[in-house]
Amino acid sequence: AKDVSESCKNLTFDIATTLVFNTLDPQKGLGMYQELAEGEMRASLKNQSSAGVNAMVATGIVLVEGLGVNEDALTGVKYIKEAAKRQSAQALFELGTLYYTGNEAASIDEDEKRAFELFCEATEKGHVGATYMKGDCLLDGVGVDRDAGAAVPLIYDAAKRGHRYARQRILELLKEHT
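Every residue gets a number counted from 1 within its own chain, in the order that chain's sequence is written. Only residues with pLDDT of at least 70 get local features here, since the model is predicted, and only at 80 or more are side-chain atom pairs given and counted; chain-wide, interface and lining totals rely on the full set of residues. Think of the side-chain values as coming from all heavy atoms in the structure, minus any hydrogens and water.

In this scheme Phe, Tyr and Trp rings, the latter by its six-membered ring, pair at centre separations within 6.5 Å, and the angle between planes marks the pair as stacked below 30 degrees, edge-to-face above 60, and tilted otherwise. The full count for this structure, using the stated rule, is three aromatic pairs. Measuring from ring centre to ring centre gives 5.3 Å for Phe13 and Tyr33, while their planes differ by 45°; the resulting arrangement is tilted. Here Tyr33 lies in helix α2 (residues 26-42) and Phe13 lies in helix α1 (residues 6-21), a separation of 20 residues in the sequence. Residue Phe13 shares its accessibility class with Tyr33, and that shared class is buried. Judged by centre distance (6.1 Å) and plane angle (55°), the rings of Tyr100 and Phe119 are tilted. The helix and strand labels rest on DSSP assignments: H or I over at least four residues marks a helix, E over at least two residues marks a strand, and numbering proceeds from the N terminus. Here the term buried applies to any residue with accessible area under 20% of the maximum for its type, exposed to any over 50%, and partly exposed to those in between, with areas from a 1.4 Å probe on protein chains only.

Following this line, the structure appears as structure tokens:
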């Protein structure tokens, strides 16, 4: 196996992202993600590469969503779960979203309690989308008992950090209660 620098891995990840999300060559981009992800899965947990873990998540998302490639949700979820084991905030959030909505193609049943737990884990790692979802679940009592006192500061924090839906939710709450 080649010993590739972190900088090279990051550039490869960025090129793959450009190829997939600008629909220039999604198949080639997916191949680049998969090469990084597979290399990461062979590496020890001590020698984790952020680009490699991010590539696991990206591979999973591309396959689950079928972004420019044939959908393969079961394989995609395997990549996301592997990245979640490595404590990737994005993977924890994506997995939480899959449990929140359920995904028949990925054989994931809707499980709001598990979704909330994953959103909590991702929130602890600073993920802004998870922060919003945790607050939203608390506000609506989804997967957890309602707790507006805990919810509003989370939604406000996500809004401050630029989360669009959090900003909308704060405005809605202000209109309802002023």
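A few words now on helix α7 (residues 128-140). Each residue after the first adds 1.5 Å to the expected span of a helix. Between its first and last C-alpha, α7 extends 18 Å over 13 residues, near the 18 Å set by a 1.5 Å rise per residue. The element α7 is largely enclosed, with a buried count of 11 among its 13 residues. Considered for burial, the residues of α7 that qualify are Gly129, Ala130, Thr131, Tyr132, Met133, Lys134, Gly135, Asp136, Cys137, Leu138 and Leu139. Residue Gly141 follows α7 closely and has a positive phi angle near 70°.

One broad trend across soluble globular proteins is that nonpolar side chains are buried collectively. Nonpolar core, defined: a set of buried Ala, Val, Leu, Ile, Met, Phe, Trp, Tyr and Cys residues in which side-chain atoms within 4.5 Å join the residues together. Within the largest apolar cluster, 55 residues are counted, with the highest numbers of intra-cluster contacts made by Phe13, Tyr33, Leu95, Leu98, Ile108 and Phe119. In this view, Tyr33 contacts Phe13, Ala16, Thr17, Val20, Phe21, Ala55, Ala58, Thr59 and Val62; residues no more than four positions away in its chain are not counted. Contacts are assigned to residue pairs that have any heavy atoms within 4.5 Å of one another.

Take the packing of helix α3 (residues 50-65) against helix α5 (residues 89-101) next. It is the contact of α3 with α5, at a shortest axis distance of 10 Å, that shows an interaxial angle of 25°. If you check the angle between α3 and α5, you find them roughly parallel. For the pair α3 and α5, the crossing hand works out as left-handed. Taking contact as the criterion, the partners of Val57, Ile61 and Val64 in α3 are, on α5, Gln90, Ala91, Glu94 and Leu98. Classes in brief: Ala, Val, Leu, Ile, Met, Phe, Trp, Tyr, Cys and Pro nonpolar; Asp, Glu, Lys and Arg charged; the others, Gly included, polar. Residue classes in the contact of α3 with α5 are distributed as five nonpolar, one polar and one charged. Lines fitted to C-alpha atoms define the axes here, with helix axes fitted over just the stretch in contact, and angles between the N-to-C directions of these axes take values from 0 to 180 degrees. Any angle that is under 35 degrees is reported as roughly parallel, and any over 145 degrees as roughly antiparallel; angles of 65 to 115 degrees are reported as roughly perpendicular and all others as oblique. We call a crossing left-handed when the near helix sits turned anticlockwise from the far one by less than a right angle, and right-handed when that turn is clockwise.

Despite not being glycine, Thr23 shows a phi value in the positive range, around 45°. In this structure, Thr23 sits in the loop between α1 and α2. Although it is not a glycine, Gln87 sits at a positive phi angle of roughly 65°. Along the polypeptide, Gln87 turns up in the loop between α4 (73-85) and α5. Judged by relative accessible area, Gln87 falls into the partly exposed class, the value being 40%.

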